[in-house]
Amino acid sequence: MGKIESIQEFLPDDKTAAVITGGVNRRYLSGFNSSAGAVLITKSRARLMLDFRYYEAALKAVGPDIEVVRFTRLIDDLNSIFLKENIKSVFIEDCYVTVAQLDEYKKAFIPAVLTEGLSDKLAELRMIKTPFEVEKIVTAQRITEKAYTEVLNYLKPGVTERHIAVELEHLIKVYGGERVAFDLICITGQNTSLPHGVPGDRVVKDGDFFTFDIGSVYDGYHSDMTRTVAVGSVSDKMRMIYDVVLQAHLKAQKRITAGNTSADVDIAARDHITESGFGEYFGHSTGHGVGLDIHEAPTVYKTDKTVLKDGMVITDEPGIYLPNEFGVRIEDMYLVKGETPVDLADITKELIII
Ligand code: ZN
Ligand code: ZN
């Protein structure tokens, strides 16, 4: 079933419509990116409502399952359609619309406004990627890998975190990335114990770890990868912690199969780290979905009961963070495919010493 048909099936009757205003969800449903507009779906029709800036481009870009409609005043034009087609209630996205907008919609829309269910339905649909979407995620990942491999040449004692981060961002754009997928995490030494450390003036030193949590965007789709590498040399403790994290990653990876839950994946990594004595130093979830957003459903955590299905793309990113010492995280994205998870990254997870 197509995306539009799935939303039409979600609508209880032909007197109910869905109005999708969230930018990412509009892009997901229509394949068209714009800064404003709405997707209007009723039982029998789907329309992409755009203003004059986008109308012509959308006519050429949008597929046959959605009509492109030019609006002058969005709410008035929607109300005219609601009246004409006898729409009595309208779903909006509770996870996107602000309290102020909700107020406005309730006052302005002629039909009753319904807030429950549409956001969840969209998140559920977006979890399952089409081969076309997976291809874009992989392209984003390959761009990151090319930039990462090149930047490793610059990683030597004396260089700053900031220098590495800026170089990576530059290379990601040179190699075809629309932009970076998030503020790149390029941190070294004690900073690696901060899971979301910000690159600054800290200088790379011999015997330190360097953590890269990096990603690109390609045609709207994100990629996400973390590697921790050692500079010059590595202590026994660093090697030991690295190995615990790597084994946790691999144990979680084995659970990324259709029919398991997100919780199964998290518990595999968490149990290994806990049994190794470092449970208190792994304070985040094992992973998350990736797609048009860098973080999307499901959350790969011990309380999440989402059943993994073919086509989902989730990360596996356990870590151990020893305060004022160092941290290690190893992250790849995996495509769920029956019994065999497909690793979307093509970069070794073994410890490398630069
Ligand atoms: Zn990441
Ligand atoms: Zn991640």
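Cut-offs used in this document
- Residues numbered from 1 in each chain as written.
- Chains lettered and ligands numbered in written order.
- Predicted model: local features only at pLDDT ≥ 70, side-chain atom pairs only at ≥ 80, totals over all residues.
- Heavy atoms only, no water.
- Donors = N, O, S within 2.8 Å, 3.2 Å for Na, K, Ca; no water.
- Tetrahedral: all angles 85-135°; square planar, octahedral: opposite > 155°, others 65-115°.
- Helix = DSSP H or I, 4+ residues; strand = E, 2+ residues; numbered from the N terminus.
- Pairing = 2+ DSSP bridges.
- Axes fitted to C-alpha atoms, helices over the stretch in contact; angles between N-to-C directions.
- Contact = heavy atoms within 4.5 Å.
- Buried < 20%, exposed > 50% of the residue type's maximum accessible area, 1.4 Å probe, protein only.
- Core = buried A, V, L, I, M, F, W, Y, C linked by side-chain atoms within 4.5 Å.
- Domains from an automatic or database assignment.
- Parallel < 35°, antiparallel > 145°, perpendicular 65-115°, else oblique.
- Left-handed = near helix turned anticlockwise from the far one by under 90°.
- Nonpolar A, V, L, I, M, F, W, Y, C, P; charged D, E, K, R; others polar.
- Polar contact = N/O pair within 3.5 Å; in protein donor to acceptor, adjacent residues only side chain to side chain.

*Asks:* For this particular structure, what's the right way to read the coordination of the zinc ion (ligand 2)?
*Replies:* Ideal geometry at a metal centre gives angles of 109.5 degrees when four donors are arranged tetrahedrally and 90 or 180 degrees when six donors are arranged octahedrally. At 2.1 Å from the zinc ion (ligand 2) lie its protein donor atoms, namely Asp224 (OD), His288 (NE2), Glu317 (OE) and Glu331 (OE). Seen from the zinc ion (ligand 2), its four donor atoms lie at angles of 79 to 153°, and the figure they make is irregular. Written as a sequence motif, the donor residues of the zinc ion (ligand 2) are D-x63-H-x28-E-x13-E. Between the two metals, the zinc ion (ligand 2) and the zinc ion (ligand 1), the spacing is 3.1 Å, and aspartate 224 donates to both. On the criterion of sequence distance, the pair formed by histidine 288 in strand E13 (residues 287-289) and glutamate 317 in the loop between strand E15 (313-316) and strand E16 (319-322) is long-range, its members being 29 residues apart.

*Asks:* What's the story with the sheet that holds strand E1 (residues 16-20) in this structure? I'm lost.
*Replies:* Backbone-to-backbone hydrogen bonds join strands into a sheet, with any given pair of strands oriented parallel or antiparallel. Spatial ordering of the open sheet is given by E4-E3-E2-E1-E5-E6, a layout of six strands whose pairing is mixed. The strands lining the two open edges of the sheet, one partner per strand, are strand E4 (67-70) and strand E6 (112-114). Taking each pair of neighbouring strands and ignoring which way they run, the sheet shows an average axis angle of 25°. Judged from the four bridges that link them, strand E3 (residues 46-50) and E4 form a sheet pairing that is parallel. When the bridges of E4 are listed, arginine 47 appears paired with glutamate 67. Seen against the sheet, helix H3 (residues 52-61) touches E3 and E4 and runs at an angle of roughly 160° to E4. Packed on one face of the sheet, helix H4 (residues 74-84) meets E1, strand E2 (38-41), E3, E4 and strand E5 (89-91) and runs near 155° to E3.

*Asks:* Hey, could you run me through the coordination of the zinc ion (ligand 1) in this one?
*Replies:* Every protein donor of the zinc ion (ligand 1) is accounted for by Asp213 (OD), Asp213 (OD), Asp224 (OD) and Glu331 (OE), and the metal-donor separations fall at 2.0 to 2.7 Å. Because the angles between the four donor atoms bound to the zinc ion (ligand 1) fall within 54 to 148°, the donor set is best described as irregular. Summarised as a motif, the one-chain spacing of the donors to the zinc ion (ligand 1) is D-x10-D-x106-E. Here glutamate 331 falls in the buried class, since its relative accessible area comes to 0%.

*Asks:* Just to check I follow, could you spell out unusual backbone geometry for this structure?
*Replies:* Glycine aside, residues mostly have negative phi, and peptide bonds are mostly found in the trans state. Between alanine 297 and the following residue, proline 298, the backbone shows a cis peptide bond with an omega angle of 0°. Inspection of the secondary structure puts proline 298 in strand E14 (residues 296-300). Its identity as a non-glycine residue notwithstanding, asparagine 86 has a phi of 60°, on the positive side. With respect to the helices and strands, asparagine 86 occurs in the loop between H4 and E5. One non-glycine residue, asparagine 324, adopts positive backbone phi at about 60°.

*Asks:* Mind showing me how you'd approach the sheet that holds strand E7 (residues 179-180) here?
*Replies:* The strand order across the open sheet formed by three strands is E7-E10-E11, and the pairing between neighbours is antiparallel. Because the sheet does not close on itself, it has two edges, and the strands there are E7 and strand E11 (221-222). Sheet topology places strand E10 (residues 216-218) next to E11; two bridges connect them, and they run antiparallel. Looking across to E11, one finds that valine 217 is bridged to histidine 222.

*Asks:* I tried to follow the nonpolar core on my own but got confused; where do I start?
*Replies:* Among soluble globular proteins, nonpolar side chains are generally buried collectively. With 35 residues, the main nonpolar core has Ile7, Ile20, Leu29, Ile41, Leu48 and Val313 as its most contacted residues. A domain split of this core shows at least three residues from each of domain 1 (3-127) and domain 2 (131-343). Core analysis: the second largest hydrophobic core is formed by 30 residues, Phe282, Leu308, Tyr334 and Leu351 among them.

*Asks:* I keep staring at the packing of helix H2 (residues 23-30) against helix H6 (residues 118-127) and nothing clicks. Help me out?
*Replies:* Describing two packed helices takes the angle between their axes plus the distance from one axis to the other. Packing of H2 against H6 brings their axes to within 11 Å, and their N-to-C directions diverge by 55°. It follows that H2 is oblique to H6 by the angle criterion. For H2 against H6, the interelement crossing comes out left-handed. Here H2 contributes Val24, Asn25, Tyr28 and Leu29 to the contact with H6, which in turn contributes Leu122, Leu125 and Arg126. Residues that form the contact of H2 with H6 fall into these classes: five nonpolar, one polar and one charged.

*Asks:* So what exactly am I meant to see when it comes to the environment of histidine 288 here?
*Replies:* Under the relative-accessibility criterion, histidine 288 is labelled buried at 8%. Those residues in contact with histidine 288 that sit more than four places away from it in its chain are Asp224, Ile294, His295, Glu296, Pro298, Val300, Val313, Ile314, Thr315, Glu317 and Glu331. A polar side-chain atom of histidine 288 sits 3.0 Å from a polar atom in the side chain of aspartate 224. Within the local environment of histidine 288, its side chain forms a polar contact with the side chain of glutamate 317, the two groups lying 2.9 Å apart.

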